[in-house]
Amino acid sequence: MLRNARLSLHIPEPSARPGDRPDFRHLALRPAGETRRPEPESPAAEMRDLPYELVRVLDDQGQAQGPWAPLIPSETLRRGLAAMVLTRAFDDRIFRLQRQGKTSFYMRSTGEEALSVAPSLVLDTGDMCFPTYRNVGFLMARDYPLLDLVNQIFSNARDPLKGRQMPVLYSARDYGFYSVSGNLGSRIGHAVGWAMASAWSGDDKIALAYIGEGTVAEGAVHEALTFATVYHAPVILAISNNQWAISSFHGLAGGNETTFAARALAYGLPGLRVDGNDFLAVHAAVAWAAERARSNLGATLIEFVTYRTSGHSTSDDPARYRPDEEPAAFPLGDPVERLKTHMIAAGHWSEADHDALVRDCDERVRATVKEGEAVGTLGVTKPPLGSMFEDVFKTPDWRQIRQRREVEG
Amino acid sequence: MPRMNMIQAINSALDVMLSRDPKMLIFGEDVGYFGGVFRATDGLAAKYGAKRCFDAPISEGGIIATAIGMGAYGLRPVVEIQFADYILPAYDQLVSEAARLRYRSAGDFWAPITVRTPYGGGIFGGQTHSSSPEAIFAHVTGLKTVIPSTPYDAKGLLIAAIEEDDPVIFLEPKRLYQGPFDGHPERPVEPWSNHPASEVPEGHYAIPLGTANVVRAGRAVTVLAYGTMVHVAQAAAAETGIDAEVIDLRTLVPLDIDTVTASVKKTGRCVIVHEASRFGGYGAELSALVQEECFYHLQAPIERVTGWDTPYPHAFEWDYFPGPARVGKALRRCVEAET
Ligand SMILES: Cc1ncc(C[n+]2csc(CCOP(=O)(O)OP(=O)(O)O)c2C)c(N)n1
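Residues numbered from 1 in each chain as written. Chains lettered and ligands numbered in written order. Predicted model: local features only at pLDDT ≥ 70, side-chain atom pairs only at ≥ 80, totals over all residues. Heavy atoms only, no water.

## Quick look at the overall build of chain B
Helix and strand counts for chain B come out as 12 helices and 12 strands. For a compact globule of 339 residues, the expected C-alpha radius of gyration is about 20 Å, and chain B comes in at 19 Å, within 12% of that figure. With the C-alpha coordinates aligned to their principal axes, the bounding extent of chain B is approximately 60 × 50 × 40 Å. The burial tally for chain B puts 62% of its 339 residues in the buried class. Summed over all atoms, the accessible surface of chain B reaches about 12200 Å², with 53% contributed by carbon and sulfur. Positive and negative charge centroids in chain B, built from 29 and 40 side chains respectively, lie 3 Å apart. (Helix = DSSP H or I, 4+ residues; strand = E, 2+ residues; numbered from the N terminus. Rg over C-alpha atoms; globule rule 2.2 N^0.38 Å. Buried < 20%, exposed > 50% of the residue type's maximum accessible area, 1.4 Å probe, protein only. Areas by Shrake-Rupley, 256 points an atom, 1.4 Å probe, with all protein chains shown as cover. Lys, Arg positive; Asp, Glu negative; His and termini not counted. Charge placed at Lys NZ, Arg CZ, Asp CG, Glu CD.)

## What to know about the site of the ligand
Tyr133(A), Gly182(A), Thr215(A), Trp244(A) and Glu60(B) are the nearest of the 20 residues found near the ligand. More than one chain approaches the ligand, the contributing ones being chains A and B. Measuring from a nitrogen atom of the ligand, one finds a side-chain N or O atom of Tyr86(B) at 3.3 Å. Computed on the free molecule, the ligand has an accessible area of 580 Å², of which 96% lies beneath the protein chains in the complex. Residues of the shell around the ligand, tallied by class, amount to 7 nonpolar, 8 polar and 5 charged. (Near = heavy atom within 4 Å. Polar contact = N/O pair within 3.5 Å; in protein donor to acceptor, adjacent residues only side chain to side chain. Nonpolar A, V, L, I, M, F, W, Y, C, P; charged D, E, K, R; others polar.)

## Quick look at the pattern of salt bridges
Residues and elements named next belong to chain A. In this structure the tally under the stated criterion is 39 salt bridges over all chains. Across the pair arginine 56 and aspartate 275 runs a salt bridge, and its minimum N-O distance is 3.2 Å. Residue arginine 56 is located in the segment before helix H1 (74-99), and its partner aspartate 275 is located in strand S6 (residues 271-275); the two are separated by 219 residues in the primary sequence. Of the charged contacts, one joins arginine 399 and aspartate 397 as a salt bridge, the two residues approaching to 2.8 Å between their closest N and O atoms. You can call aspartate 397 partly exposed: its relative accessible area is 22%. Here the salt bridges do not stand alone but share partners, grouping Lys162, Arg164, Glu390, Asp391, Arg404 and Glu408 into one network. (Salt bridge = Lys/Arg side-chain N within 4 Å of Asp/Glu carboxyl O.)

## Looking at a nonpolar patch on the surface
A cluster of nonpolar side chains, contributed by Phe227(A), Val230(A) and Tyr231(A), occupies part of the molecular surface with about 330 Å² of accessible area. Tracing the chain through its elements places Phe227(A) in helix H6 (residues 219-230). (Patch = residues over 30% accessible without salt bridge, like charges linked within 9 Å, V, L, I, M, F, W, Y side chains within 5 Å.)

## Quick word on the domain arrangement of chain B
Residues and elements named next belong to chain B. Assigned domains within chain B: domain 1 (3-199) and domain 2 (213-336). Computed from C-alpha coordinates alone, the two centres of domain 1 and domain 2 are separated by 25 Å. Each partner contributes residues to the interface: domain 1 has 36 residues there, and domain 2 has 28 residues. At the junction of domain 1 and domain 2, the tally comes to 1 salt bridge. There are 12 residue pairs in polar contact (both at pLDDT 80 or more) connecting domain 1 and domain 2. Secondary-structure elements contributing two or more residues to the side of domain 1 that touches domain 2 are helix H6 (134-138), strand S5 (144-146) and helix H7 (151-163). (Domains from an automatic or database assignment. Contact = heavy atoms within 4.5 Å.)

## Topic: the packing of aromatic side chains
Scanning the model with the defined rule gives 25 aromatic pairs over all chains in all. Ring centres of Phe138(A) and Phe177(A) lie 6.1 Å apart, and the angle between their planes is 35°; on these two criteria the pair is classed as tilted. Within this pair, whereas Phe138(A) is found in helix H3 (residues 136-140), its partner Phe177(A) is found in the loop between helix H4 (146-154) and helix H5 (188-200), the two being separated by 39 residues in sequence. On the basis of relative accessible area, Phe177(A) is assigned to the buried category, the value being 1%. Their ring planes at 50° and their centres at 5.4 Å tell us that Trp244(A) and Tyr321(A) sit as a pair that is tilted. Residue Trp244(A) is found in strand S4 (residues 244-245), and its partner Tyr321(A) is found in the loop between strand S7 (300-305) and helix H9 (326-329); the two are separated by 77 residues along the sequence. Each member of the pair, Trp244(A) as well as Tyr321(A), carries the same accessibility label: buried. Ring pairs connect the aromatic residues Phe38(B), Phe83(B), Tyr86(B) and Tyr177(B), which therefore count as one cluster. One residue, Arg108(A), lies across the ring of Phe95(A), its end atom 3.6 Å from the ring centre. Residue placement shows Arg399(A) over the ring face of Phe279(B); its charged tip is 4.5 Å from the ring centre. (Phe/Tyr/Trp six-rings, centres within 6.5 Å; stacked < 30°, edge-to-face > 60°. Lys NZ or Arg CZ within 6 Å of the ring centre and 35° of its normal.)

Below, the structure written as structure tokens:
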């Protein structure tokens, strides 16, 4: 009977478009604390259920639940919260600056701060993060100088990247933050190679690579997974499933058929599906994967379930493709609010502390932006003109030398 | 006749072809419901249904590979690569597969695909949203490479490209989407509506691939250009007062060699301009051809005005971009040179 049926091409559609009621039933959530936690040294073959579960620690009351609840010093939680609040204040402020024409472009990570900040606190100095454009929280958690970020965003005379890159495509080797590029998926293989080099050298460094769920479709991701598997590379491959890739919903990367964490199964890698808005769960999952990696047990794939509450970038208008009410309806809440609630419930934080933190972050951002503006907004000051010919090669060849001379007159 | 900007003209070409050819379909990143990040497919999914215009996974290699497969089956896929900078994961599919399928199967299979992609600088896109990769396609035997410079041409050339039974790379100068940018970023944006080539017929028309357009007649020097640089070259001619003949190549492959050589033989001088880096650029091929075909008519060395041999830097966009001042200087050097 089926054989006689006419074929038709399946074209996936999201659960809601503008005008529809948001619908997140596909997330198949689990209550906090329910997902089991195998010992990190367990064989991957014994944890093939995990990609279909959801590692959650914080419940709706902000209490830490279950086997994944990490033992984190309250000082670390305070640092994490501060970095998330700072990230948000920075994102909001720079977004507005772009609207005022002071730079060309900006991308916020609003709603996804936990999945950048917590891993930054787990990784050691010497480890390397291979970020996307949405991971500035990783730098915030390591006290990267805010002014350097602002100068990069303005491409001004003190831009550490010499005016070469669009805003947010940072590079900060000393902070364990690899050069970002706009090309999706192009660095995940570098993370694997970097991790292979650490193992080859007999070091103890590990790598962490981020990609968006949309980027899972790129062939480069599958190549990287193969290498990570074959060589047991000490790398953590993190997928930020923020539901949207510009206007394309997660189903266009195969998210309707299975979870992104479950990609690990075909490779024989451990795969974790983690509440990405739960700071404690993110911290615990990355610490678990890092322990495996450092024990020479190889790579782990982690899907962080989260939501991109802002537009894709300053060039985007999400009202054109998703319901305006969708961000507020996302069932995993807001990472800042959830950690704050937890810390207050645990007795080492208060609303007054939080208000002071928010004020302090706003003030720091405002003061730093002022300093950056004094150096120059986009186009007002620039690095020296001739510097555009540097770094093509270590030593310029005759083309750059001649062309530089022509430009400098 | 309706007035269109370049995006509307491209949209109109796609609309015309969707209605004429039931086997034509469009896919690419964000092109379906949303209508594309530059809005080139706006309204098409709503008008023709998702089956005719749909979103693709973020996989340029996958987009081109499946387009080839669909084309081999007998459909006529028109795919969008969101930025030309991101076409490189698909390069193997274009070079080793699309370009050679007909040849290696002795005509048994072929790939009637059109690959639309925005290219070029001028929007502060830095090294990841500004590049001009035409030379790496023009070099590949078996691919046709088209670059329009006006709304009228964009529609006519895109229709011709879609009707081709061979693979066509259709590079869209994104700085020209909204207006005929002449290389003066400090001036207010000039909309297409004041330009004669924004008059675009609503229906079907095709501009045959391989026909260049003399956009400015002149006797003193021939300027070979395409895409954004066509407008920059015209501005440079106007600003220097040099009687330049500006040729818009429109298609790099196949190249309208007769129009090029006729003009250079007439003027005896030639300036080539493109936005891409200089070394090994398409200008190098043009320069070699002009030298081979017109050597005894040349009264001055051939000049090339191009982007520098660096990636496209964000802060120095307008220092990298070969604007009217640089083109004007080359024009002067070329007309003043004596052999
Ligand atoms: C190779 C490549 N193709 C296409 C693009 C254009 N583009 C930029 S971001 C984006 C969506 C990415 O979505 P996702 O991976 O889910 O990450 P998110 O932006 O949601 O964090 C696209 C298609 C690109 N930058 N690189």
